[in-house]
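Structural features, examined
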Amino acid sequence: MSEQRELERSPNGRVEPGEHTRGPAAPRQPLYRQLEGSRGVAEAVARCRPEVVCAYPISPQTHIVEALSALVKSGELTPCEFINVESEFGAMSVAIGASAAGARAYTATASQGLLYMAEAVYNAAGLGLPIVMTVANRAIGAPINIWNDHSDSMSQRDSGWIQLYAEDNQEALDLHIQAFRLAEELSVPVMVCMDGFVLTHAYERLTVPSQQDVDAFLPPYTPRQVLDPADPVSIGAMVGPEAFTEVRYLAHVKQLQAERAIPQVAEDFAAAFGRDSGGLLHTYRCDDAETIVVALGSVLGTIKDTADDLREEGMRIGVVGLTSFRPFPADAIRAALSAARRVVIVERAFSTGIGGIVSADVWNATSGLRQRPAHGYTVIAGLGGRPITKASLRRLFVDAVADRLEPLTFLDLDRDLVDRELRRMGERRRSGPTAENLLRDIDGRGRL
Amino acid sequence: MAVQQIKFYQTGSFVVGNRLLSPEQRAVQADPGRANALTCGHRACQGCGEALGARYVVDTALRAASNKVIAVNATGCLEVFSTPYPETSWQLPWLHSLFGNAAAVATGVAAAQRVKHRDDVRVLAQGGDGGTVDIGFACLSGMFERNDDVLYVCYDNEAYMNTGVQRSGATPPAARTATTQAVGSDPGNLFGQGKNVPLIALAHEIPYVATATVAELRDLEAKVQYAMSLRGARYLHVLVPCPLGWGSDSSETIRLARLAKESGLFPVFEAERGEITGVSKIRRQVPVEEYLQPQRRYAHLFGPSPRPEVVARLQARADRNIERFGLIDDEVDN
Amino acid sequence: MEKPFAITLDVGSSRANKTGAWRTQRPVYTDLLPPCSDACPAGEQVQQWLYHAEEGGYERAWRQIMSDNPFPAIMGRVCYRPCETACNRGRLDEAVGINSVERFLGDEAIRQGWTVPVEAASSGRHVLVVGAGPAGLAAAYHLRLLGHRVTVRDSGSKPGGMMRYGIPVYRLPRDVLDAEIQRIVDMGVTLELGTTVRDAAEAMAADGFDAVFLAVGAHIGQRTYIPAGDSARIMDAVSVLRGMEDEDLPLLGRRVAVYGGGNTALDVARTAKRLGATDPIVVYRRSRERMPAHDFEVAEAIEEGVRMNWLSTVAHADAGTITVERMELDESGYPQPTGEFDELGADALVLAIGQVSDLSVVDGVPGVHVADAVVEVDRTMMTGHQGIFAGGDMVPAERTVTTAVGHGKLAARNIDAWLRHRRYAEPDRAELADYDRLNPWYFSDAPKQHRPRLDAARRASTFDEVVSGLDESTALFEARRCMSCGNCFECDNCYGVCPDNAIRKLGPGQRYEIDYDYCKGCNLCVAECPAGAISVLPERS
Ligand SMILES: Cc1cc2nc3c(=O)[nH]c(=O)nc-3n(C[C@H](O)[C@H](O)[C@H](O)COP(=O)(O)OP(=O)(O)OC[C@H]3O[C@@H](n4cnc5c(N)ncnc54)[C@H](O)[C@@H]3O)c2cc1C
Ligand SMILES: Cc1ncc(C[n+]2csc(CCOP(=O)(O)OP(=O)(O)O)c2C)c(N)n1
Ligand code: SF4
Ligand code: SF4
Ligand code: SF4
Ligand SMILES: [Mg+2]
């Protein structure tokens with residue numbers, strides 16, 4: 001899907017006026033291969049020399065860890081311990097132990113698996129362990145659904161991890177290399193999120209950096225704190241009210257540091273590999289845009305294509321691709337959206353009972369702008385693997401530009417179906433008068 | 001492996017040190033230079049069996065591994081009383097992650113040692129009974145099944161003590177806990193429930209499984225020492241009376257552990273690769289009452305409306321253990 | 001290492017948290033009085049010398065005994081061992097064989113020639129001891145140790161008193177007796193034998209003694225009226241036994257009847273057996289249970305062929321026969337005559353019904369008070385006459401060698417104080433270490449080691465020592481059966497069981513110390529001390 005495109009972005013993620021395109025910086029000739037995204041990521045991870053890889057299978061993460069398992073077993077990736085754990089909770093726990101003992105640790109999961117490990121996800125961040133994890137984004141059940149959306153990683157928004165979202169497989173691969181460096185520089189775990197199936201199972205022309213180049217970019221892991229009999233410490237103390245706020249505040253400061261480090265690492269990466277990848281966010285044809293679409297992940301490709309088409313028809317539309325969701329690049333977002341009249345945020349997850357998750361952060365970031373966008377629309381799209389087509393997006397953007405959109409829109413929602421269902425539910429006897437009466441009052445739009 | 005009991009010499013090896021024995025024959029705990037892995041100032045209750053058991057185990061492990069041990073701890077009393085910010089009582093590298101993941105975290109630590117070729121550094125995981133037999137069980141079983149190079153030690157005080165004495169899968173029948181109150185027709189914990197994790201561990205056919213109590217220090221130390229001489233997954237289940245949860249006097253901790261074993265309610269044995277290789281025989285058999293009566297968690301079985309039939313069922317459990325593990329030997333020679 | 005704030009901590013930092021503040025009770029190490037020591041009439045610190053013996057420190061152990069009692073080898077043979085009766089181990093299995101260990105140590109000392117040096121500076125005072133029995137010799141020994149000159153006068157030709165002229169050889173071989181007495185003499189005690197002191201006060205004044213200790217014993221065999229034919233041979237036990245030390249052994253005949261139920265009666269009967277009597281018989285008024293003789297002596301006598309005629313009195317004695325009347329115990333346990341008589345063949349009747357003292361030595365000595373044929377003394381063992389002390393069988397007390405030795409020690413210490421114008425303060429009696437304080441779980445099962453005994457056949461015909469000693473290994477074993485009641489024996493249990501590491505081990509012989517900064521007062525150490533050597537005090541607030 002996402003072919004090589006010219007991206008309008010700067011390595012530090014801030015929009016630099018006048019800078020439209022940046023080509024490859026280094027003259028090196030990368031070797032391109034037709035690879036499955038998962039395979040590419042596995043190879044990139046392997047180039048990072050993880051010492052402990054632990055995983056529990058869940059679609060659509062499986063191909064990544066299968067490939068890594070093969071690399072370890074064949075001896076291509078050595079020294080490395082590949083551990084088949086009993087659960088995702090076990091996977092993250094093994095990673096915690098390995099990382100605290102000074103080993104570079106990696107795991108991957110998705111969906112139910114991420115929730116199953118949630119307790120350990122928070123713990124890894126709390127302990128400041130630089131673990132890198134791929135989340136092959138997938139919906140969360142019930143109903144069980146193996147297809148892509150962002151509900152899983154979004155649920156871990158507040159866990160203290162850095163979250164980077166890949167737009168395409170090359171970026172997914174590159175982000176992993178940057179992730180280890182970020183994690184270890186900051187002692188914070190990093191989650192690289194890539195859309196399940198859409199990216200993980202897609203074959204693209206990819207280049208996997210050479211071992212030599214990765215080694216040059218990523219120094220060996222020197223842990224900030226380590227379990228070492230020669231210098232014993234107790235890690236993981238119980239902290240009470242007297243210091244807990246301070247601990248949490250410091251975790252926040254850590255994220256703010258990351259907000260500065262991410263562009264820096266991306267810049268270093270570009271210098272080393274001749275390719276722009278990562279950063280906090282990037283802008284696409286935003287310069288004179290009245291309408292800016294904000295999104296993250298693989299949908300950006302389709303959005304940019306659609307925007308290209310609409311631009312041809314004269315619509316002043318641009319795109320902001322968010323790579324770093326945590327830390328949330330509030331300054332960069334503010335800068336990117338400062339001139340827009342209208343912002344459309346396309347999200348692949350939502351918070352039931354209120355709406356957009358990314359939107360909330362964007363509105364929060366822009367709330368302080370003197371000239372804030374006059375219109376903001378949240379669009380929930382592509383849940384549970386529903387395709388986000390150019391046609392739908394085109395209709396959506398046209399409606400948006402005409403300000404005919406509801407503030408919260410569910411893209412391609414089968415209105416007849418839900419109306420029918422709501423009616424049916426309203427007619428059925430319910431257990432209690434409250435539910436019954438409320439349902440009767442709900443109109444087809446899900447509003448009271 | 002049978003424990004080398006020193007015969008006679010006044011107190012033989014029943015006591016910690018015994019000046020009549022050569023220093024090598026004394027317990028690790030007799031050593032004035034012992035590690036004191038869990039040192040003074042911790043906040044365990046008076047007479048806490050878990051604090052005692054942990055020092056016994058870790059000191060022995062440290063000696064066996066020339067002080068190169070990394071410990072991973074599950075959430076629970078042991079963790080809470082040892083490491084409230086800003087003070088820790090541990091003297092070895094120690095990591096607490098979560099309640100239910102100690103075995104897996106230890107696997108990770110062990111993997112790190114392997115990848116770094118540090119086979120001199122040994123890994124010990126420890127947790128309470130709740131953290132082991134209930135919430136941590138999946139990770140524990142996984143660690144066993146993979147035969148990771150970890151010695152896992154469960155300090156069994158037979159309930160969730162740190163949260164205020166709730167029932168766990170290791171709580172014995174009839175015991176009163178905050179969630180199995182001594183009310184109704186079947187007061188206390190129900191019969192026919194609970195799990196025997198030492199036997200489940202044994203079913204994994206891991207290199208070593210053993211039970212022990214804080215009352216038999218030499219046996220405990222010998223087991224830790226032996227476990228440390230092996231590689232792979234090893235499991236040690238130590239009975240550690242809890243004065244708070246059991247409603248017993250702080251000075252009775254060791255006596256109760258002893259009576260648990262001497263009554264047959266807590267069989268002390270060891271096994272290698274799925275086969276029981278040794279049992280610690282009962283030395284002076286006592287009826288279960290002698291063990292139960294000093295504990296307020298069993299108070300409803302005695303007192304003004306006694307429940308002799310429940311005591312009889314507990315005695316039957318002890319008798320079954322005695323039969324099953326061969327705990328009584330005609331020729332106990334000590 | 002860069003430690004994240006609050007989450008990662010420096011090891012051992014909890015020492016800043018002084019948990020001693022939690023304590024409501026305070027464990028303290030104590031030294032209690034073990035029942036064995038409490039029961040020893042000679043005041044031996046039994047548990048302490050066993051402590052040394054347990055670790056093979058035999059000489060140290062022996063010296064510990066010697067600080068109270070100069071006759072370990074004799075004690076190990078003749079003492080009636082009240083310590084063993086009191087011993088707590090008796091409640092676990094069998095009492096510690098304290099006496100057999102003591103004998104082993106005593107014999108070892110003789111074998112090795114260990115001696116006790118007199119280290120005290122000479123006091124320039126001179127004390128007269130009258131009587132070279134155990135009381136007198138013990139007093140002499142202790143007085144020498146305290147730096148005094150001592151002269152012992154005894155009317156006998158050899159020293160030892162009843163130890164020589166009463167106790168038979170097969171129970172106390174004379175080489176043992178001689179060796180232990182010689183050791184005292186060698187300390188510089190002047191022994192004047194064959195010298196009867198007729199008047200204590202006069203002797204003191206005449207020869208310039210600064211104090212006198214009287215220990216003349218009780219040597220006059222008590223008589224009772226027995227209707228007897230002219231040719232009846234009636235003798236008294238002490239004379240018979242004294243005769244055993246003469247060139248010419250007493251002639252008793254084939255059939256010997258002994259009248260009495262004490263140890264002396266048995267000694268005579270057994271001696272008679274050895275002298276060739278075919279069936280010595282002991283006639284006693286009461287039942288066996290009420291016999292004052294010790295069970296083991298009765299048993300040994302029976303083994304050797306002595307017959308016992310309990311519940312009978314001698315009604316008449318004639319040449320060759322005696323007539324005995326059967327008795328019956330009434331409701332209150334007193335023997336009452338039944339009017340039924342038996343005849344027994346007897347060439348001699350030996351009366352063994354007790355001894356009285358010859359107190360002529362204090363006749364007319366002002367202040368000395370005699371009542372019930374014994375001399376009254378105060379708590380310092382002094383008679384009513386300043387400077388004249390008395391002890392042993394001649395004062396009201398149990399008549400045993402051990403009591404006599406205890407008197408000798410106590411008198412010596414009081415004489416010393418009296419001579420120095422001080423008061424002898426007996427050490428405070430510690431609280432008794434009774435069985436309930438112990439934690440007997442910790443003591444290994446260990447069957448008592450019994451001393452081998454000569455087989456009965458040889459016993460009946462020779463005066464060889466009946467009971468032999470333990471060898472080194474059995475004596476060591478026996479010493480180690482001691483539970484060290486109420487006294488730390490450095491088993492490290494407290495050090496091991498403290499969940500708070502609040503006990504410091506101070507090294508061999510130095511015991512332990514409780515660090516009250518951290519002791520939470522759980523009292524686990526108290527409960528798990530095998531010896532009960534830790535007490536609990538309420539915490540002072
Ligand atoms: C047969 C027999 C067996 C015994 N067996 C035991 C036993 O197994 N265990 C035990 O503990 N006890 C035993 N006893 C008791 C024990 O022997 C005495 O209690 C103990 O010897 C008393 O010691 P003593 O020093 O007071 O007197 P004695 O031992 O009687 O010594 C007194 C000494 O004073 C001397 N003497 C007396 N008058 C004078 C004087 N005026 N001038 C100079 N010298 C004088 C005597 O010659 C004698 O040597 C036994 C007693 C007898 C009779
Ligand atoms: C996932 C999770 N569930 C529950 C708890 C609450 N919790 C903390 S300690 C504890 C009890 C520990 O019991 P056990 O493992 O037996 O150790 P003990 O305190 O008895 O030594 C519980 C229930 C927790 N910390 N984490
Ligand atoms: S509650 Fe029990 S296990 Fe916990 S510290 Fe107190 S005594 Fe120890
Ligand atoms: S056991 Fe030892 S200390 Fe205790 S009474 Fe007996 S001999 Fe004395
Ligand atoms: S065991 Fe330790 S804490 Fe408990 S009373 Fe003894 S010294 Fe104090
Ligand atoms: Mg518990």
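Residues numbered from 1 in each chain as written. Chains lettered and ligands numbered in written order. Predicted model: local features only at pLDDT ≥ 70, side-chain atom pairs only at ≥ 80, totals over all residues. Heavy atoms only, no water.

**Topic: the overall build of chain B**
- When its secondary structure is counted, chain B shows 11 helices and eight strands.
- For 334 residues, the compact-globule estimate of 2.2 N^0.38 gives 20 Å, and the C-alpha radius of gyration of chain B, at 19 Å, lies within 12% of that figure.
- Dimensions along the principal axes, computed over C-alpha positions, put chain B at roughly 60 × 45 × 40 Å.
- Within the structure as shown, chain B displays about 10800 Å² of accessible surface, and the carbon and sulfur contribution to it stands at 49%.
- Averaging the locations of the 34 positively and 35 negatively charged side chains of chain B gives two centres separated by 3 Å. (Helix = DSSP H or I, 4+ residues; strand = E, 2+ residues; numbered from the N terminus. Rg over C-alpha atoms; globule rule 2.2 N^0.38 Å. Areas by Shrake-Rupley, 256 points an atom, 1.4 Å probe, with all protein chains shown as cover. Lys, Arg positive; Asp, Glu negative; His and termini not counted. Charge placed at Lys NZ, Arg CZ, Asp CG, Glu CD.)

**Points about the domain arrangement of chain A**
Residues and elements named next belong to chain A.
- Split by domain assignment, chain A resolves into domain 1 (30-229 + 239-273) and domain 2 (281-410).
- The centre of domain 1, based on its C-alpha atoms, is set 27 Å off from the matching centre of domain 2.
- Counting residues at the interface gives 26 residues for domain 1 and 26 residues for domain 2.
- Of the roughly 1900 Å² buried between domain 1 and domain 2, counting both surfaces, carbon and sulfur atoms make up 58%.
- It is Met154, Arg157 and Glu167 that lose the most area in domain 1 upon contact with domain 2, and together they represent 31% of the buried surface on that side. (Domains from an automatic or database assignment. Contact = heavy atoms within 4.5 Å. Buried area = accessible area lost by both parts, 1.4 Å probe.)

**Points about the interface of chain C and chain A**
- Facing 10 residues of chain C, the contacting portion of chain A comprises 17 residues.
- Of the roughly 1200 Å² buried between chain C and chain A, counting both surfaces, carbon and sulfur atoms make up 68%.
- The largest contributions to the chain C side of the interface with chain A come from Met1, Phe5 and Ile7 of chain C, which together make up 48% of the buried area.
- Linking chain C with chain A are one salt bridge.
- The residue Arg224 of chain A makes a salt bridge to Glu2 of chain C at a minimum N-O spacing of 3.5 Å.
- Across the chain C-chain A interface, the total number found is five residue pairs in polar contact (both at pLDDT 80 or more).
- Class assignment for the residues of the side of chain C that touches chain A results in seven nonpolar, one polar and two charged. (Salt bridge = Lys/Arg side-chain N within 4 Å of Asp/Glu carboxyl O. Polar contact = N/O pair within 3.5 Å; in protein donor to acceptor, adjacent residues only side chain to side chain. Nonpolar A, V, L, I, M, F, W, Y, C, P; charged D, E, K, R; others polar.)

**Things to note about the coordination of the magnesium ion (ligand 6)**
All names here are of chain B.
- The coordination sphere of the magnesium ion (ligand 6) contains the protein donors Asp129 (OD), Asn157 (OD1) and Ala159 (O), at a distance range of 2.0 to 2.1 Å.
- Between consecutive donor residues of the magnesium ion (ligand 6), the sequence gaps follow D-x27-N-x1-A. Here the residue Asp129 occupies a position in helix α4 (residues 129-134), and Asn157 occupies one in the loop between β4 (151-156) and α6 (197-203), the gap between them amounting to 28 residues.
- By relative accessible area, Asp129 is classed as buried at 0%. (Donors = N, O, S within 2.8 Å, 3.2 Å for Na, K, Ca; no water. Buried < 20%, exposed > 50% of the residue type's maximum accessible area, 1.4 Å probe, protein only.)

**Thoughts on the interface of chain B and chain C**
- Counting from both sides, the interface comprises 53 residues of chain B and, opposite them, 48 residues of chain C.
- Across the interface of chain B and chain C, roughly 4500 Å² is buried in total on both sides, 52% from carbon and sulfur atoms.
- Run the count over chain B and chain C and you get five salt bridges.
- Residue Asp445 of chain C pairs with Arg283 of chain B through a salt bridge whose shortest N-O separation is 3.9 Å.
- Linking chain B to chain C there are 42 residue pairs in polar contact (both at pLDDT 80 or more).
- Here the element with the most residues in the side of chain B that touches chain C is helix α9 (residues 253-263) of chain B; it accounts for five residues.
- Considering only residue class, the side of chain B that touches chain C consists of 21 nonpolar, 20 polar and 12 charged.

**As for the side chain of Thr323 of chain C**
Residues and elements named next belong to chain C.
- Assignment of secondary structure puts Thr323 in strand β13 (residues 321-329).
- Polar side-chain contacts of Thr323 include one of 3.5 Å to the side chain of Glu343.
- Ignoring anything within four residues of it in the chain, the contact list for Thr323 reads Thr313, Val314, Ala315, His316, Phe341, Asp342 and Glu343.

**A look at the site of ligand 5**
- All residues adjacent to ligand 5 are Pro27, Cys498, Pro499, Asp500, Ile503, Cys519, Lys520, Gly521, Cys522, Asn523 and Cys525 of chain C.
- Here the residues of the shell around ligand 5 sort into seven nonpolar, two polar and two charged. (Near = heavy atom within 4 Å.)

**Some points on the nonpolar core**
- Judged by nonpolar contacts, the single largest core of 101 residues is most densely connected at Met92 and Ile96 of chain A together with Tyr235 of chain B.
- Top element by residues in this core is helix α3 (residues 102-115) of chain B. It accounts for 10 residues.
- Beyond its immediate chain neighbours, meaning those up to four positions away, Met92 of chain A contacts Thr107, Met117, Ala120, Val121, Ala124, Ile131, Met133 and Trp161 of chain A.
- Ala227 of chain B together with Tyr51, Cys529 and Ala533 of chain C belong to the second-largest nonpolar core, a separate cluster that totals 77 residues. (Core = buried A, V, L, I, M, F, W, Y, C linked by side-chain atoms within 4.5 Å.)

**Looking at the sheet that holds strand β11 (residues 307-309) of chain C**
Residue and element names in this part refer to chain C.
- Strand order in the open sheet formed by five strands is β8-β15-β9-β10-β11, with parallel pairing between adjacent strands. Since the sheet does not close on itself, it has two edges, and those belong to β8 (234-236) and β11, each with one partner. The mean inter-strand angle of the sheet, taken between neighbouring strand axes irrespective of direction, is 25°.
- Of the pairings in the sheet, the one linking strand β10 (residues 281-283) to β11 comprises three bridges and is parallel in character. Across the sheet, the residue bridging to Val283 is Asn309, located in β11.
- Its contacts with the sheet place helix α12 (residues 263-274) against β9 (256-259), β10, β11 and β15 (348-351), and it is angled at close to 170° to β9. (Pairing = 2+ DSSP bridges. Axes fitted to C-alpha atoms, helices over the stretch in contact; angles between N-to-C directions.)

**So, the site of ligand 1**
All names here are of chain C.
- Around ligand 1, the structure places 35 residues, and the nearest of them are Val78, Asp154, His219, Asp393 and Val401.
- At 3.1 Å, a side-chain N or O of Tyr80 approaches an oxygen atom of ligand 1.
- Those elements giving two or more residues to the shell around ligand 1 turn out to be α7 (134-145), α12 and α14 (401-419).
- Split into classes, the residues belonging to the shell around ligand 1 amount to 15 nonpolar, 14 polar and six charged.
- Mapping the shell around ligand 1 onto the domain boundaries places at least three of its residues in each of domain 3 (126-220 + 356-419) and domain 4 (222-354).

**Some details on the UniProt feature "domain: Thiamine pyrophosphate enzyme TPP-binding" (unreviewed entry) in chain B**
- Mapped onto the present numbering, the UniProt feature "domain: Thiamine pyrophosphate enzyme TPP-binding" (unreviewed entry) falls on residues 75-238 of chain B.
- Secondary structure content for residues 75-238 of chain B is 34% helix and 16% strand, while the C-alpha to C-alpha distance between its ends is 17 Å. (UniProt positions renumbered as here; feature names shortened; annotations may be inferred.)

**So, the pairing of strand β5 (residues 208-213) of chain B**
All names here are of chain B.
- Buried residues dominate β5, accounting for six of its six residues.
- Neither face of β5 is exposed, since Tyr208, Ala210 and Ala212 on one face and Val209, Thr211 and Thr213 on the opposite face are all buried.
- Handedness of the crossover joining β5 and strand β6 (residues 234-239) through helix α7 (residues 217-229) is recorded here as right-handed. (Right-handed = clockwise from strand over helix to strand, strands pointing away.)

**Structural notes on the pattern of salt bridges**
Residues and elements named next belong to chain C.
- Counted under the stated rule, the structure contains 89 salt bridges over all chains.
- Between Asp207 and Arg153 there is a salt bridge whose closest N-O contact spans 3.0 Å. Taken as a pair, Asp207 in the loop between α10 (200-206) and β6 (211-214) and Arg153 in strand β4 (residues 149-153) lie far apart in primary sequence, 54 residues in all.
- Connected through shared salt-bridge partners, Arg270, Arg274, Glu300, Glu303, Glu304, Arg453 and Arg459 make up one network.

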